[in-house]
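Topology and contacts: notes
The primary structure of each chain is shown beneath.
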Amino acid sequence: MGTSSSKPAADKFDPKKDLVDLKGKVIIVTGGNKGIGFATVSALLRANAKVYLAARNEERAKAAIESLHNAGLGKGGEHSLGEVVWLKLDLGDPREAKKAAEEFLKLETRLDVIVNNAGDMHGDGRLGDDGVSSMQIVNYISPYVFTRALLPLLKQTAAEPGSDVRIVNVASKVHAWTPAGVQYKEPSDWNVQYSWRPFAHFLRYGNSKLAVVLWSRHLQAQLLASDPASPITVLAIHPGVVDTASHTMRFPGLMKWLFSFGTIPVDEGAHNSLFAAASKKIKEEPEKYRAGVYLLESPPGTITPPSAAAQDDKLGEELVQTTEKFLKDIGV
């Protein structure tokens, strides 16, 4: 979810014609059982990808897969559009995120795209068992672990001639709402409550999405430094504005009414994720998109500077160092 904005008529992005052919490609979409994630999975299947729908709840995941099958998608085989497989992924615990990656590595010998779509925007400030904000765990730390564990296979796939490997991290415009003075020197810095400010839950959400943008930029720089010819593209994006959360908030009727201004259908809301994951433009101009860019959705693929804090490379390095130390301390 992001801030409200209108969708210009000039957006002519069409997933049916603007995506590369994904036949033979393997993609993971986290949180693919509902909302923007489900719409992303659907479109990638139509482009003939093999998609791992990564989600925690088996019943909901299988219901989503059944819905896709009923639409003629993801059954596998010569006459099917793509193939869809459930991958159990619990982002509530970094250890479980690592296990999910390890399970995937037993199943596949290639990985072309990760779309880290799943997230938590409830913002109630709860701390998890490791003493860190549950929202930060779900939105940033577990996706970090999941992706880190899959990097060797991503690099292996990227070494193939003509490869087009991408890591897509779904962030939010709300990252720019994070109050000044943010730091990530200690794990406790992830737990700031902003309780003295209005809409504190959005600020906590924005802080977690700021971490996502910083990590994305750092990871792209790291990959390019280790291999200047690295064909792995890392993108942080703001998704389309779709109301997927008003029913979970206080005063849901009021929030649904507020969200109704500027929101768009779910299928359109997935367009920026799809652009980042598989658009022809990125394959045609890879260097343009391998600069740690941040993409807005109006129209999809619009390269836009993120907030000043999100461009602070020192803050990004601080974030990653703290993340690595935290993960080491909890044995991940």
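Residues numbered from 1 in each chain as written. Predicted model: local features only at pLDDT ≥ 70, side-chain atom pairs only at ≥ 80, totals over all residues. Heavy atoms only, no water.

Selection criterion: UniProt positions are given in the numbering used here, feature names are shortened, and annotations may be inferred rather than shown by experiment.
In the nomenclature of an unreviewed UniProt entry, the chain is known as NAD(P)-binding protein of Candolleomyces eurysporus. Heading Sequence similarities (unreviewed entry) of the UniProt record for the chain holds this comment: "Belongs to the short-chain dehydrogenases/reductases (SDR) family."

1. Remarks on the sheet that holds strand β4 (residues 113–116)
Heads up, the rule is: Any two strands are treated as partners once DSSP identifies two or more bridges connecting them. Where helices and strands are cited, they refer to DSSP runs of H or I of at least four residues and of E of at least two residues respectively, numbered from the N terminus. Every axis corresponds to a line fitted to the C-alpha atoms, with the helix fit spanning only the stretch in contact, and the corresponding angles, defined between N-to-C directions, vary from 0 to 180 degrees.
A sheet is described by the order of its strands in space; here 8 strands give the open sequence β3-β2-β1-β4-β5-β6-β7-β8, paired in mixed fashion. With partners counted over all chains shown, the strands left at the sheet margins are β3 (83–88) and β8 (300–303), one partner each. Taking the axes of each pair of neighbouring strands and ignoring which way they run, one obtains an average angle of 25° across the sheet. Of the pairings in the sheet, the one linking strand β1 (residues 26–30) to β4 comprises 3 bridges and is parallel in character.

2. What to know about the confidence of the model for the chain
Put simply, the rule reads: The quantity called pLDDT is the predictor's confidence in a given residue, expressed from 0 to 100. When checking whether two residues touch, look at their non-hydrogen atoms; a contact exists if any pair is within 4.5 Å.
When pLDDT is averaged along the chain, the result is 90; 90% of the residues meet or exceed 70. Here residues 1–10 is modelled with pLDDT under 50, and outside its nearest four sequence neighbours on either side it reaches 29 contacts, counting other chains as well.

3. Overview of a positive patch on the surface
The cut-off we apply is this: Residues enter patches when they are more than 30% accessible in relative terms and free of salt bridges; like-charged ones are connected within 9 Å and nonpolar ones (Val, Leu, Ile, Met, Phe, Trp, Tyr) within 5 Å. Working definition of accessibility: Shrake-Rupley area with a 1.4 Å probe, residue cover restricted to the visible protein chains. Salt bridges are identified by distance alone: a Lys or Arg side-chain nitrogen within 4 Å of an Asp or Glu carboxyl oxygen. Charged residues are defined here as Lys and Arg on the positive side and Asp and Glu on the negative side; His and the ends of the chain fall outside this count. By convention, charge coordinates are those of NZ in Lys, CZ in Arg, CG in Asp, or CD in Glu. The buried label applies to any residue whose accessible area, calculated with a 1.4 Å probe on protein chains only, is under 20% of its type's maximum; exposed applies above 50%, and partly exposed to all values in between.
On the surface, Lys34, Arg56, Arg60 and Lys88 cluster together into a patch of positive charge. Here Lys88 shows up in strand β3. By relative accessible area, which is 47% here, Lys88 ends up partly exposed.

4. Some words on the packing of helix α2 (residues 35–46) against helix α3 (residues 58–70)
The packing of two helices is summarised by the inter-axis angle and the distance between the axes. The following threshold applies: Note that the term roughly parallel is reserved for angles under 35 degrees, roughly antiparallel for angles over 145, roughly perpendicular for angles of 65 to 115, and oblique for everything else. By convention, the crossing between two helices is left-handed when the near helix turns anticlockwise from the far helix through less than a right angle, and right-handed when the turn is clockwise. Note on residue categories: nonpolar means Ala, Val, Leu, Ile, Met, Phe, Trp, Tyr, Cys or Pro, charged means Asp, Glu, Lys or Arg, and polar means any other residue, Gly included.
Where α2 contacts α3, the two axes come as close as 11 Å, and the packing angle between them is 40°. Here α2 is positioned oblique relative to α3, judged by the angle of their axes. In the crossing of α2 with α3, the sense of the turn from one axis to the other is right-handed. When α2 is examined against α3, the residues Phe38, Val41, Ser42 and Leu45 are found in contact with a partner set consisting of Ala64, Ser67 and Leu68. Broken down by class, the residue content of the contact of α2 with α3 amounts to 5 nonpolar, 2 polar and no charged.

5. Focus: the pattern of salt bridges
Within this structure, the stated rule accounts for 14 salt bridges. Among the salt bridges present, the one from Asp112 reaches Lys25, with a minimum N-O distance of 4.0 Å. You can see Asp112 sitting in the loop between α4 (94–107) and β4 and its partner Lys25 sitting in the loop between α1 (15–18) and β1, a full 87 residues away along the chain. In this structure, Asp93 engages Arg95 in a salt bridge whose closest nitrogen and oxygen atoms are separated by 3.0 Å. When its relative accessible area of 22% is taken as the criterion, Asp93 is described as partly exposed. Given a relative accessible area of 29%, Arg95 falls into the partly exposed group. Three or more residues are tied together by salt bridges with common partners; here these are Lys25, Arg110, Asp112 and Glu160.

6. With respect to the pairing of strand β5 (residues 165–170)
In summary, the side chains of a regular strand alternate between the two faces of the sheet. As a reminder of what qualifies: Every crossover in which the path from the first strand over the helix to the second runs clockwise, viewed with the strands pointing away from the viewer, is termed right-handed.
Burial within β5 is extensive, with 6 of its 6 residues counted as buried. Pairing of β4 with β5 involves 4 bridges; the strand directions are parallel. Paired with Val113 across the bridge in β5 is Arg166. Pairing of β5 with strand β6 (residues 232–237), which is carried by 6 bridges, proceeds in the parallel orientation. Bridge pairing links Asn169 to Ala236 in β6. Read from β5 through helix α6 (residues 200–226) to β6, the crossover connection turns out right-handed.

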